Structure formats: C-alpha cells, structure tokens
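# Notes for the structure review
Chain residues, written in single-letter form:
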Amino acid sequence: MPSGEERDGVSLTNLDQPLFEEAGASKRDLVDYLDSVRDRIIPQLADRPLSVMRVLRGQKPFMQKNVPKYTPEWVATVQVWAESSHREVSYALCNDRRTLLWFANQRAVEYHPALVLAEKWTHPTHLILDLDPPEENAFAKAVAAAKLVRRALAETGLAGAVKTSGAKGVHVFVPIDEHASIEDVAAATRALAARAERIDPELATTAFIVQDRGGKVFLDSTRAGGATVAAVYSPRLRPGVPVSFPVGWDDLDSVTPGDFTVHTAAALLGERDPWAEQMPKPQRLPDDLIAEGHTIPIARVQAMHEGKRRARAKRA
C-alpha cells in the first residue's frame, strides 16, 4: 500500500510511519480513525479556538496554539489576545473534514478545543470537572469520584455527561446556558468540586498542590475561562493511543481507559454518537452555587501563594 494519498484535497504523507514510540499505531491509523469519526468529533471542535498536541519524528510532543505560517488559507482561524504572553494568537477553527485531515497529516494527535465559541468568548458552553486519580491504574478511584460529582450535581438540580479522559481519569461535562459569565462559571466549578469533596473527603480532594492530596482523587476545578480540555473522541499521546470516549453513568464500573483506542473506538461507536445522546440540554447555574464559589479561592492563585509561603518558611 502506498505511504501517501489524497483525501478531500489534502495530501497525506508518510502514512506508514509509526506515530510515536509505544504508540502501536501508524500515522495512517490516526488519519483513518479521525476520518471515521469526523461527523462526531467536528461538532465538538467547530467554531472553538483549537490547541493541538503534535508529535514530530525525533522530537518531543508539543502543544500548538498559534497556527504555523504554512497553514493553508482555507483553514479558518480566529485571533485571540493572550494576556499571559501579551500577543495575538491565531487559533485554528476545525470546522470541516478537510481541516481535520490537514491536522492529522501534521501529526496532531490530541485535540483541545476551548470551552467557549470564538464569537462568544465571554460565555463558556460547559462547566467541566477533570477527575485525576493519584496514580496510573487507579481508574476505579476516578469512577468513584465521578459518582460523588454526580451526586453533588443532582443535589444542585443539575445533570452532566461523563467520558474517559483518554489518560487515567474522567471528565464530567455540564452543559450550561449563557446566563453565567466566565467568572461565575469558574466559581460554580469550584463550588461543585467542594460539594463533591464534602460527600467523601477520604476519597476526593480539591487540593491543588500534589503533595497535599494524600493519595486521593483530585477534583480539578480549574478547567474554566480560557482553559481547554481534550475533546471527546480525541486520541491521546499515550501508549496504545487511547481515545477520550463517552460512557453511560451506569457503565462506568465496567470499562477501562484502554478499552477505547484508535484501533477499537470507531467500531464500538458504529453509527451512533453517544456523547450527543447522553448530553443534557443546557442548564442555568443556580445562584447559590455561584455565590458559594465566589467565597472559595482560585486554586492556582492559592497554590502559588502557598508555595511562596512554604519557600519562605523553608529558608527561615
């Protein structure tokens, strides 16, 4: 079979090269997988500033936000001011098959869309909790923590959908309406994490500093504002190339992240789009959840101050 071909006007090259060390997959496997799920992954990427994780031969993987100068003119882009680097960043918008195939040919393995649409930068479309277990092979702990989050959501009158992160944890997505600002969504995310932690503080923690987690599942409430998260159906840069995959709440106990890879995920989906099927309609965040969240310090900021305090104490 030739190592190159053309699809939808995109020249695909070096398809038979290994994707990366320990991938157990070729570049062709990546291209074929993304092409097979395009009708399900593109709606999750469309009109959202996109960051991708690329892996080039002989180089370490890297996160690409700014599109390269050689990007074809038919790739839609949006200019976003990056406060951290004080410059305009030109993000791609992956709105069609052609763009997705171009990214795949660029060896873009992971797809991390923003939580906002390019035309509505001030209103996130989802509240997200990223549940990170303390070590590899601890997926069962992440599942148990996800059930805490589901309880906390139900007690707040909200509902969400759940997927494997494709790494070692779980993502809970709660679709929300345009009522809440970025700051209010971030606050509600902190409050939801705190409420889940209170249900079982022996299992889950909101401690941002790793050394303070005590072997518990980290309820990461920082996926808000300009943050990104791996899209559903996105491959991940890990051995075996697992895929972030939607799972019904009642099925969480019977799966592992390794069940879903670029080799298996498309066949498991068939013609279905379980993420679209399981996602509730957008909901309004309760005022009391937002208010509670505004009393909780922002995790990264609190961790930064605590780190400085501990450094001073150590020097003293």
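Bear in mind the structure is a predicted one, so any value in this text is a computation, not a measurement.

So, on to the overall build of the protein chain. Within the protein chain one finds nine helices and 13 strands. With respect to the principal axes defined by its C-alpha atoms, the protein chain has extents near 60 × 45 × 45 Å. Counting all 316 residues of the protein chain, 53% fall into the buried class. As presented, the protein chain carries roughly 14,800 Å² of accessible surface, and 51% of it is formed by carbon and sulfur atoms. Distance between charge centres in the protein chain, computed from 40 positive and 42 negative side chains, equals 6 Å.

It is worth spelling out the packing of helix H1 (residues 27-36) against helix H2 (residues 38-45) at this point. Where H1 meets H2, the closest approach of the two axes is 5 Å, and the angle between their N-to-C directions is 80°. Between H1 and H2, the angle is such that the two are roughly perpendicular. Across the interface between the two elements, Leu34, Asp35 and Ser36 of H1 pack against Arg38, Arg40 and Ile41 of H2. Residue classes in the contact of H1 with H2 are distributed as two nonpolar, one polar and three charged.

Turning our attention to the packing of aromatic side chains. Ring pairs (aromatic) are described by centroid distance and by the angle formed between their planes. Taken as a whole and assessed by the stated rule, the structure comprises six aromatic pairs. Seen from their ring centres, Trp102 and Phe103 are 5.1 Å apart, and the 65° between their planes marks the pair as edge-to-face. Exposure class is identical for Trp102 and Phe103. Each is buried. Ring centres of Phe245 and Phe260 lie 4.2 Å apart, and the angle between their planes is 5°; this geometry places the pair in the stacked category. On the criterion of sequence distance, the pair formed by Phe245 in the loop between strand E12 (217-220) and strand E13 (246-247) and Phe260 in the loop between E13 and helix H6 (265-269) is long-range, its members being 15 residues apart. In terms of burial, Phe245 and Phe260 fall into one category: buried. Every member of this aromatic cluster is reached through a ring pair, and the members are Trp102, Phe103 and Tyr111. A cation over a ring is seen here: Arg98 above Trp74, with NZ or CZ 4.0 Å from the ring centre.

What follows concerns the packing of helix H4 (residues 139-156) against helix H5 (residues 182-199). Relative to each other, H4 and H5 sit at 115°, their axes nearing to 8 Å. Between H4 and H5, the angle is such that the two are roughly perpendicular. The interaxial crossing formed by H4 with H5 has right-handed handedness. On H5, the residues touching Leu148, Val149, Arg151, Ala152, Leu153, Glu155 and Thr156 of H4 are Leu192, Arg195, Ala196 and Ile199. When the residues that make up the contact of H4 with H5 are grouped by side-chain class, the tally is seven nonpolar, one polar and three charged.

Turning next to the side chain of Thr205. With respect to the helices and strands, Thr205 occurs in strand E11 (residues 204-205). Judged by relative accessible area, which is 5%, Thr205 ranks as buried. The residues touching Thr205, leaving out its near neighbours within four places in the chain, are Glu197, Arg213, Lys216, Val217, Phe218 and Leu219.

Here E12 shows a buried face lined by Val217 and Leu219 and a second buried face lined by Phe218 and Asp220. Note that strand E8 (residues 126-132) and E12 share three bridges and pair antiparallel. Across the sheet, residue Asp130 finds its bridge partner in E12, namely Asp220. As judged from the two bridges shared by E11 and E12, these two strands associate in the parallel manner.

The subject of this paragraph is the UniProt feature "domain: DNA ligase D polymerase" (unreviewed entry) in the protein chain. In this structure's numbering, the residues bearing the UniProt feature "domain: DNA ligase D polymerase" (unreviewed entry) are residues 27-275. Secondary structure across residues 27-275 comprises 28% helix and 20% strand; the distance between its end C-alpha atoms is 26 Å.

The next subject is the pattern of salt bridges. Overall, the coordinates contain 20 salt bridges when judged by the stated rule. Here Arg28 ties to Glu5 by a salt bridge, and the two come within 3.1 Å at their closest N and O atoms. Separated by 23 residues along the polypeptide, Arg28 in helix H1 and Glu5 in strand E1 (residues 5-7) bring together distant segments of the chain. Of the residues examined, Arg28 reaches a relative accessible area of 9% and is grouped as buried. Ionic pairing is found between Glu136 and Arg238, a salt bridge with its closest N-O pair at 2.6 Å. One end of the pair, Glu136, is in the loop between E8 and H4; the other, Arg238, is in the loop between E12 and E13, with 102 residues separating them in the sequence. A relative accessible area of 44% places Glu136 in the partly exposed class.

Each value, and the rule that gives it
- Residues numbered from 1 in each chain as written.
- Predicted model: local features only at pLDDT ≥ 70, side-chain atom pairs only at ≥ 80, totals over all residues.
- Heavy atoms only, no water.
- Helix = DSSP H or I, 4+ residues; strand = E, 2+ residues; numbered from the N terminus.
- Buried < 20%, exposed > 50% of the residue type's maximum accessible area, 1.4 Å probe, protein only.
- Areas by Shrake-Rupley, 256 points an atom, 1.4 Å probe, with all protein chains shown as cover.
- Lys, Arg positive; Asp, Glu negative; His and termini not counted.
- Charge placed at Lys NZ, Arg CZ, Asp CG, Glu CD.
- Axes fitted to C-alpha atoms, helices over the stretch in contact; angles between N-to-C directions.
- Parallel < 35°, antiparallel > 145°, perpendicular 65-115°, else oblique.
- Contact = heavy atoms within 4.5 Å.
- Nonpolar A, V, L, I, M, F, W, Y, C, P; charged D, E, K, R; others polar.
- Phe/Tyr/Trp six-rings, centres within 6.5 Å; stacked < 30°, edge-to-face > 60°.
- Lys NZ or Arg CZ within 6 Å of the ring centre and 35° of its normal.
- Left-handed = near helix turned anticlockwise from the far one by under 90°.
- Pairing = 2+ DSSP bridges.
- UniProt positions renumbered as here; feature names shortened; annotations may be inferred.
- Salt bridge = Lys/Arg side-chain N within 4 Å of Asp/Glu carboxyl O.

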